[in-house]
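Chain residues, written in single-letter form:
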Amino acid sequence: IKDKPLSPATVRKHYNFIKEILAYAVKLEYIMFNPADKVDPPKKESKPKQMPSKEQFAAFLDAAMEKGKINQKLWVLMAFEMGLRREEIFGIKMVDLDLKKKLLHVSRAITYSPNQPLQDKTTKTYSSKRTLEIPPKTYAALKEHIKETKRLINSRAKRNKVVSLYDPMAPDSWLFTQPDNSVAHPHAFNSFLKR
């Protein structure tokens, strides 16, 4: 591609794809054996990850909490206090929250593929479906986010001189939304963290 060799990860994906096609051909008895079985898979090259020090990570979290809007602070808290994946954070609907018991039921994820609309899918693995207690700091941010969401909806309705029929507390409502009340894009979290 553009006079550059394919990355090792791309080569592995091609290898696995070809091997699966040939395995299927064996299953359908088009060929007697899978020739890819005799080819060694490409070696996985892994670079050591550079992890931030405790001080750097603390400074990063302080900056995120100081400079972020309430929804962005909540993303950070859900990721780093509760261990949620980005896709799981954006997959939360109001039905998943038990505000009285301070519980979150994780059961779906919002995924993105280039040139595709956002997709509402089940979690990455079956064991990813879980119920988590919402820590006090995250719970306070969650309550503030819900209050701010209601304020924004009312403000938009007044500005547009319409009555909003959207209920942010309805069971099927997304916790994080775009101005048109559709689910927010998971890349918004990445963009915020990079800034």
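Figured I'd write up the structure that's included with this text. (Residues numbered from 1 in each chain as written. Predicted model: local features only at pLDDT ≥ 70, side-chain atom pairs only at ≥ 80, totals over all residues. Heavy atoms only, no water.)

Remarks on the overall build of the protein
Note the cut-off: Helical segments are the DSSP runs of H or I of at least four residues, strand segments are the runs of E of at least two, and each set is numbered from the N terminus. To get the radius of gyration, use the C-alpha atoms; to get the globule rule, take the number of residues to the power 0.38 and multiply by 2.2 Å. Only protein chains enter the accessibility calculation, which uses a 1.4 Å probe; a residue whose area is less than 20% of its type maximum is buried, one above 50% is exposed, and one in between is partly exposed. Residue contacts are defined here by distance: any two heavy atoms, one from each residue, within 4.5 Å place the two residues in contact. In this tally Asp and Glu are treated as negative and Lys and Arg as positive; neither His nor the chain ends contributes. Positions of charges follow a simple convention, taking NZ of Lys, CZ of Arg, CG of Asp or CD of Glu.
Assigned secondary structure in the protein consists of 6 helices and 5 strands. In sequence order, the protein lays out its α and β elements as α-α-α-α-β-β-β-β-β-α-α. By the compact-globule yardstick of 16 Å for 195 residues, the protein is too spread out, its C-alpha radius of gyration being 22 Å. Seen along its three principal axes, the alpha-carbon backbone of the protein occupies a region of about 70 × 45 × 40 Å. By residue count, 29% of the 195 residues in the protein fall in the buried class. Residue pairs at least 24 apart in sequence account for 55% of intrachain contacts in the protein once pairs closer than 6 positions are excluded. Charged side chains of the protein number 37 positive and 21 negative; the gap between the two group centres comes to 4 Å.

Quick notes on the packing of helix H3 (residues 70-80) against helix H6 (residues 187-194)
The test is simple: A fitted line through C-alpha atoms serves as each axis, taken over the contacting stretch for helices, and the angle formed by two N-to-C directions is quoted from 0 to 180°. Comment on the angle field: the value is read as roughly parallel under 35 degrees, roughly antiparallel over 145, roughly perpendicular from 65 to 115, and oblique elsewhere. Under the convention adopted here, Pro, Cys and the residues Ala, Val, Leu, Ile, Met, Phe, Trp and Tyr are nonpolar, Asp, Glu, Lys and Arg are charged, and Gly plus all remaining residues are polar.
Running from N to C, H3 and H6 cross one another at 95°; their axes reach a closest spacing of 11 Å. Taken together, H3 and H6 sit at an angle that is classed as roughly perpendicular. Between H3 and H6, the residues in contact are Gln-72, Trp-75, Val-76 and Ala-79 and Ala-188, Phe-189, Phe-192 and Leu-193, respectively. For the contact of H3 with H6, the residue count by class is 7 nonpolar, 1 polar and no charged.

Structural notes on unusual backbone geometry
With a phi close to 65°, Glu-29 is a non-glycine residue in the positive phi region. With respect to the helices and strands, the residue Glu-29 is situated in the loop between helix H1 (8-27) and helix H2 (54-67). For Asn-181, which is not glycine, the phi torsion reads 75° and is therefore positive.

Describing the packing of aromatic side chains
How we decide: Only Phe, Tyr and Trp rings are paired, with Trp represented by its six-membered ring, and only when their centres lie within 6.5 Å; those with planes under 30 degrees apart are stacked, over 60 edge-to-face, the remainder tilted.
Counted according to the given criterion, the structure contains 8 aromatic pairs. For the ring pair Phe-57 and Phe-80, a centre distance of 5.3 Å and an interplane angle of 70° mean the geometry is edge-to-face. Remark: Phe-80 occurs in helix H3 and Phe-57 occurs in helix H2; sequence separation between them is 23 residues. According to the relative accessible area criterion, Phe-57 is partly exposed, its value standing at 31%. Residue classification places Phe-80 among the partly exposed residues on the basis of a relative accessible area of 39%. Where Trp-75 meets Phe-176, the ring centres are 6.0 Å apart and the plane angle is 70°; that geometry is what we call edge-to-face. Placement of Trp-75 in helix H3 and of Phe-176 in the loop between helix H5 (136-160) and H6 is noted, with a sequence separation of 101 residues between them.

Concerning the sheet that holds strand E2 (residues 103-106)
Our working rule: Strands are treated as partners if at least two bridges between them are detected by DSSP.
As summarised here, the arrangement of the 3 strands in space is E1-E2-E5, forming an open sheet in which the pairing is antiparallel. The open sheet terminates on both sides in strands that have one partner only, identified here as strand E1 (97-98) and strand E5 (130-133). Sheet analysis places E2 next to E5, joined by 4 bridges and oriented antiparallel. Along E5, the bridge assignment pairs Leu-104 with Leu-132.

Purely spatial values, then, with no claim about function.
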